[in-house]
Amino acid sequence: MTDSELRAAAARGESTPISLAGWLRLTARALALVGLIIVFVPLHYLYRVVSYGSPFPMLFLRYAARVCGAKVEVIGTHLKRDVFFVANHLSWIDILALAGASGTAFVAKAELAEAPVVGWLASLNRTVFVKREHRMGVAEQINALKEALVDNWSVTVFPEGTTTDGQSLLPFKTSMLSVLEPPPPGVLVQPVILDYGPVAEWIGWVGEESGVNNAKRVLSRKGTFKVRLHYLEPFSPEDFRGRKAISHESRRRIEEALIEILGKPLRPFAHTVAPVRYEPKVDAAD
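All of these numbers come straight from a predicted model, not from anything done at the bench. (Residues numbered from 1 in each chain as written. Predicted model: local features only at pLDDT ≥ 70, side-chain atom pairs only at ≥ 80, totals over all residues. Heavy atoms only, no water.)

Novice: Describe in detail the overall build of the chain, supporting the description with residues and values.
Specialist: The helix and strand inventory of the chain stands at nine helices and nine strands. With 286 residues in all, the chain has 48% of them scored as buried. Counted over contacts in the chain with a minimum sequence separation of 6, partners at least 24 positions apart contribute 74%. Summed over its atoms, the accessible surface of the chain is roughly 14,000 Å², and 60% of this surface lies on carbon and sulfur atoms. (Helix = DSSP H or I, 4+ residues; strand = E, 2+ residues; numbered from the N terminus. Buried < 20%, exposed > 50% of the residue type's maximum accessible area, 1.4 Å probe, protein only. Contact = heavy atoms within 4.5 Å. Areas by Shrake-Rupley, 256 points an atom, 1.4 Å probe, with all protein chains shown as cover.)

Set out below in structure tokens:
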């Protein structure tokens, strides 16, 4: 099967066949990731005994991105502190790349906190978990955000609420920006574009593909791939009234820059987005 055929099969929820060489690459990378956890997690906990702002989650995620095959290139200048990054979203690799480059924490759906291992690792990096039902009050969210900013100096949100294929941009879910209503004093918003270039559609986690199959595909892939982080001009959320206005301005800037990067118009996303996972789009003719 060609790469496009394999990708299409994965999006339909079919398990991707992996060669012997692919299994060897997957095993080597998985063991390397376990080794990074063994080294950096104890160092992180030891550091936290005496100080805030541990550098070890950032270092762990930076090296984890490399182990997974991602060669991260930063374009533009990211703010060092008191910044809320707003980014498009393609893959779990996004988290490794962004946190490895800037040390940022993340705003994520509360369901992630319940995920085995992933939820624990996310909590190490001061992830702010937001409940879709809004049972977590705004004041509590703001306090969690402030703590994350003190510890990590920056926080990132993926307001599309799910992953796409690098050729599309979904509407932004303003609930993911509720921590900016009102914005903490002095915090700026900086839009970010993740650009995987020609491998974007291969890396992207879309359709009915399971997380396990996506991880298998990425970790068994031969060679490396580039991930370019385009940090756009920051703006003050105080200049825009409410989370809807902040969301609209962030998306406008990301869309304009993404079209310029791709050199072509964005296309409609090929999958509808359910609250938790993807479902195939059903044509009207059907």
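Novice: With reference to specific residues and values, describe the pairing of strand β7 (residues 225-231).
Specialist: Consecutive side chains along a regular strand alternate between the two faces of the sheet. Counted residue by residue, β7 has five buried out of seven residues, so it is predominantly covered. Taken together, the six bridges between strand β1 (residues 70-75) and β7 define a ladder with parallel strand orientation. Counted as the bridge partner of Ala 70 is Phe 225 from β7. As paired strands, strand β6 (residues 188-195) and β7 are joined by four bridges and run antiparallel to one another. Among the inter-strand pairings, Asp 195 is bridged to a residue of β7, identified as Arg 228. (Pairing = 2+ DSSP bridges.)

Novice: Talk me through the packing of aromatic side chains; I want residue IDs and the actual numbers.
Specialist: By the definition in use, this model includes seven aromatic pairs. Between the aromatic rings of Phe 40 and Phe 56, the centroid separation amounts to 6.3 Å while the plane-to-plane angle is 40°, which identifies the pairing as tilted. Here Phe 40 is found in helix α2 (residues 20-50), whereas its partner Phe 56 is found in helix α3 (residues 56-67), with 16 residues between them in sequence. Judged by relative accessible area, Phe 40 falls into the buried class, the value being 11%. Both rings, one in Phe 40 and one in Tyr 63, keep their centres 6.1 Å apart while their planes meet at 15°; by these two values the pair is stacked. In this pair, Phe 40 sits in helix α2 while Tyr 63 sits in helix α3, placing the two residues 23 residues apart along the sequence. Overall, Tyr 63 belongs to the partly exposed group, its relative accessible area being 34%. Taken together, Phe 40, Tyr 47, Phe 56 and Tyr 63 form an aromatic cluster joined through their ring pairs. Between Arg 217 and the ring centre of Trp 202, over which it is positioned, the NZ or CZ distance is 4.5 Å. (Phe/Tyr/Trp six-rings, centres within 6.5 Å; stacked < 30°, edge-to-face > 60°. Lys NZ or Arg CZ within 6 Å of the ring centre and 35° of its normal.)

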